[in-house]
Amino acid sequence: MSNVAGAPGADAATPAEPVAERGRSEILHFAGRNPKLLIGAGVVLTLLLTGLIGPLFVDHGPNEYIGPKNQPPSGEYWLGTTSFGQDIWAQFVYGLRSTFMIGALGGGIAFLLGTTIGFLAGYKGGIVDEILNLITNVVLVLPTLVVLIVAVSYLQVEGLLVQGLFIGLTSWPWAARAVRSQALTLANRDYVDLARLSGRRTWRIITSEIAPNMSSYLMMSFILLFGGAILIAAGLDFIGLGPAGGVSLGLMLESSMQWSALQLGLWWWFIPPGAGITAIVGSMYILNVGLDEVFNPKLREL
Amino acid sequence: MLELSHVHKVYRVGAFGAGTMRAVRDVSLVVRPGEVVSLIGESGSGKSTLGKMVLGLTKPTQGTITFEGNDVTRLRGFGAKKEYYRHVQGVFQDPFSSFNPIFKADRVFEMIRTSYFPAISDAAWRAKVLDVVGTVRLDPDNVLNKYPHQLSGGQLQRLLIARALLLDIRLLVADEIISMLDASTRIDVLNLLADLKERGLGILFVTHDLSLGNYVSDRSVILRKGAIAEMGPTRRVFENPLHPYSRHLLSCVPQLHRTWAEVDAELAANPPEDVELPTVAEGDDSAPLVEAEEGHFVGIDQR
């Protein structure tokens with residue numbers, strides 16, 4: 001960069017657009033060379049596609065008793081069968097689907113709540129901040145898993161939606177705190193004051209002045225909440241509080257434990273769901289680190 | 001036009017807001033149309049806080065700020081504030097942080113358009129923008145459609161003034177707008193302020209630079225620890241400082257043709273006449289002023 005585009009007195013005809021494009025293509029440039037990002041995104045997308053497309057090629061329900069019992073993986077039953085003769089491949093692809101659903105639902109609700117509360121607290125300050133911060137801290141120290149167990153077992157609604165809602169309502173606090181601290185520093189910038197002097201409403205200022213300046217941060221919060229929701233859902237499913245009659249990777253683990261798959265050596269029953277959960281959440285975290293390196297110039301390996 | 005009456009600002013500091021910090025103490029002053037009033041003070045003297053309160057960005061703890069008869073501190077609701085900003089605008093100290101770095105610089109004009117002129121046609125708006133950009137003596141081809149980092153501090157600062165001129169403003173709060181500029185752009189911006197004054201705008205000029213205050217303003221207010229130390233017509237304040245703090249401040253201005261020792265010796269040789277400063281009882285938060293000569297006020301001496 002020897003010529004500084006648009007420096008005072010520089011050639012007036014120099015168009016300004018290339019800078020924006022340069023910024024975007026620079027991100028793409030680093031994204032394409034970041035192995036963490038590529039591997040993480042690759043694994044997550046592969047599993048997502050498996051969950052989306054896989055069930056279309058399975059012509060029976062995941063919990064139907066269709067085949068011989070205790071069969072190891074074979075050409076007919078790719079991942080073998082359970083001790084009741086259920087097709088584990090069918091359970092796996094349907095389970096992936098609901099796992100992604102719960103991640104999007106629980107993570108999405110938590111993200112919306114957390115960012116809304118964080119932005120309001122950080123931007124408004126004063127008494128609003130104190131009240132919202134108090135609520136955040138109370139929810140933060142709640143023993144979330146216990147509350148979830150109590151809520152899910154007493155309220156006899158065990159659908160995927162309800163589970164996602166519960167997870168969303170309990171896992172937002174750290175996101176709210178993180179967003180609040182970022183918003184606190186951004187809210188004191190002069191351009192925010194200038195937007196107020198331009199007759200902008202609070203909400204417009206938050207969405208069009210503050211949020212765009214922390215978009216990468218928000219994206220990473222969402223990824224972490226997404227992965228967290230999947231883990232919590234797996235935990236709930238595993239202790240038998242999953243959606244009744246449904247199928248998920250956590251429920252598969254639960255029934256394999258319940259019917260002593262480990263002792264009977266039916267490794268094909270519990271390894272696919274366990275590996276699936278680990279792969280999704282693990283690669284999301286790797287994806288997150290990769291994104292961090294792409295967005296944050298200080299972390300880039302040049 | 002703008003009148004501040006016994007304005008206080010107290011911040012709560014420390015754990016659980018136990019301690020208090022009085023940033024502004026009992027300040028009363030007036031800005032008339034076509035008049036430049038300098039608020040001069042060192043860092044932490046409360047001058048920027050005063051500017052922010054006039055702009056409605058923070059609320060005074062006590063006291064009233066009236067603009068053309070309306071109490072600014074009691075503006076309720078979004079609509080009232082928006083109307084207020086149609087007539088009162090501010091320009092801040094740091095031109096680089098006044099622009100959102102991820103958007104183009106002339107977005108500040110677009111914000112004014114969407115908020116205040118939603119119905120105007122593209123052509124009419126373009127003409128209006130070119131007009132104000134010309135007023136601040138910028139070349140539109142050089143500054144429009146650029147990102148903030150492509151422009152110099154002086155250009156950005158003048159864009160901000162142009163932005164304020166898009167509205168029908170009557171009062172401009174200029175918070176240290178020259179401090180970040182180099183000497184050659186400084187004079188352009190100062191002359192621009194003089195032009196605006198000719199148009200009948202009232203300007204509240206916040207600065208820590210005595211010579212700038214002297215150059216541009218009709219009246220000067222010297223602040224110390226949040227209270228007014230001295231207030232009066234600029235010439236009288238600078239030629240005949242009455243408050244010990246203002247004397248000290250003025251003797252600190254470097255002079256090309258004299259050394260510090262010479263200045264000190266001269267001050268010691270003919271000590272200025274002392275003025276009876278007003279005093280307040282311990283624990284009293286007010287800061288009364290005494291009129292030493294016509295229009296020239298002296299305030300309390302705070303240790």
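Residues numbered from 1 in each chain as written. Chains lettered and ligands numbered in written order. Predicted model: local features only at pLDDT ≥ 70, side-chain atom pairs only at ≥ 80, totals over all residues.

### Some details on the overall build of chain B
Operational definition: The helix and strand labels rest on DSSP assignments: H or I over at least four residues marks a helix, E over at least two residues marks a strand, and numbering proceeds from the N terminus. Put simply, the radius of gyration uses C-alpha atoms, and a globule should come to 2.2 Å times the residue count raised to 0.38. Exposure in this text rests on C-beta crowding, where 20 or more other C-beta atoms within 10 Å of a residue's own make it buried, 12 or fewer make it exposed, and counts in between make it partly exposed. The C-beta atoms are placed from the backbone. Here, residues touch in the contact sense if the C-beta positions derived from the backbone fall within 7 Å of one another.
The helix and strand tally for chain B stands at 11 helices and 12 strands. In terms of C-alpha radius of gyration, chain B reaches 21 Å, essentially the compact-globule figure of 19 Å for 303 residues. When its C-alpha atoms are laid out on the principal axes, chain B stretches across 65 × 50 × 40 Å. Taking all 303 residues of chain B together, 43% fall into the buried category. The long-range fraction of contacts in chain B, counting pairs at least 24 apart against all pairs at least 6 apart in sequence, stands at 66%.

### Examining the sheet that holds strand β6 (residues 88-91) of chain B
All names here are of chain B. We apply this condition: Only strands that DSSP links by at least two bridges are regarded as paired with each other. What counts as an axis is a line fitted to C-alpha atoms, over the stretch in contact for a helix, and the angles between N-to-C directions run from 0 to 180 degrees.
Read from one edge of the open sheet, eight strands run β6-β7-β8-β3-β9-β10-β12-β11, paired in mixed fashion. Both edges of this open sheet fall to β6 and β11 (290-293), since each of them pairs with a single strand only. This sheet shows a mean twist of 20° between the axes of neighbouring strands, independent of strand direction.

### Topic: the pairing of β6 of chain B
Residues and elements named next belong to chain B. Both faces of β6 are covered, namely the face carrying Val88 and Gly90 and the face carrying Gln89 and Val91. As paired elements, β6 and strand β7 (residues 171-175) share four bridges and run parallel to each other. Across the sheet, Val88 pairs through a bridge with Leu171, a residue of β7.

### Section: the interface of chain A and chain B
Counting residues at the interface gives 22 residues for chain A, matched by 28 residues for chain B. The element that contributes the greatest number of residues to the side of chain A that touches chain B is helix α8 (residues 190-197) of chain A, accounting for seven residues.

### What to know about the confidence of the model for chain B
Threshold: By definition, pLDDT measures how confident the predictor is in each residue, and it falls between 0 and 100.
Per-residue pLDDT for chain B averages 85, and the proportion of residues at 70 or more is 97%. Both confidence scores are given for the complex: pTM 0.78, ipTM 0.85.

### Digging into the confidence of the model for chain A
Residue and element names in this part refer to chain A. In this model, chain A carries a mean pLDDT of 81, and residues with pLDDT of at least 70 account for 88%. Within chain A, the lowest mean pLDDT, 65, falls on helix α1 (residues 17-32), and the highest, 91, falls on helix α7 (residues 173-187). The low-confidence segment residues 1-19, where pLDDT is below 50, has 20 contacts with residues more than four positions distant or belonging to other chains.

### A word on the environment of Ile205 of chain A
Residue and element names in this part refer to chain A. Structurally, Ile205 is set in helix α9 (residues 202-210). Taking the C-beta count within 10 Å as the criterion, Ile205 has 21 such neighbours and is therefore assigned buried. Spatially, the C-alpha atom of Ile205 lies 9.7 Å from that of Tyr191, the residues being 14 residues apart in sequence. Contact partners of Ile205, with chain neighbours within four places excluded, come to Val192, Ala195, Arg196, Arg200 and Ile210.

### Comments concerning the nonpolar core
The test is simple: The nonpolar core is taken to be a set of buried Ala, Val, Leu, Ile, Met, Phe, Trp, Tyr and Cys residues joined by way of C-beta atoms within 7 Å.
Grouped together as the largest cluster of nonpolar side chains are 151 residues, with contacts concentrated most on Ala174 and Leu204 of chain B. Beyond its immediate stretch of four places on either side in the chain, Ala174 of chain B contacts Val91, Leu193, Ile203, Leu204, Phe205 and Val206 of chain B.

### Considering the packing of helix α4 (residues 126-141) of chain A against α7 of chain A
Residue and element names in this part refer to chain A. Using the following cut-off: An angle counts as roughly parallel when it lies under 35 degrees, as roughly antiparallel when it exceeds 145, as roughly perpendicular when it falls between 65 and 115, and as oblique in every other case. Crossing handedness: left-handed means the near helix sits turned counterclockwise from the far one by under a right angle, and right-handed means the same turn made clockwise.
Taken N-terminus to C-terminus, the directions of α4 and α7 make an angle of 140°; their axes are 8 Å apart at the nearest point. Judged on the interaxial angle alone, α7 and α4 are oblique. In this structure, the crossing between α4 and α7 has a hand that is left-handed. Residues Thr136, Val139 and Leu140 of α4 touch α7, and the partners they reach there are Pro173, Trp174, Ala176 and Arg177.

### Here's the deal with unusual backbone geometry
Trans peptide bonds make up the majority, and among non-glycine residues the majority have a negative phi. Residues and elements named next belong to chain B. Backbone geometry places Arg137, a non-glycine residue, at a positive phi of 60°. By C-beta crowding, Arg137 is classed as partly exposed, having 13 other C-beta atoms within 10 Å. Here Lys225, not a glycine, exhibits a phi torsion of approximately 50°, which is positive. As for its placement among the helices and strands, Lys225 is situated in the loop between β9 (219-224) and β10 (227-233).

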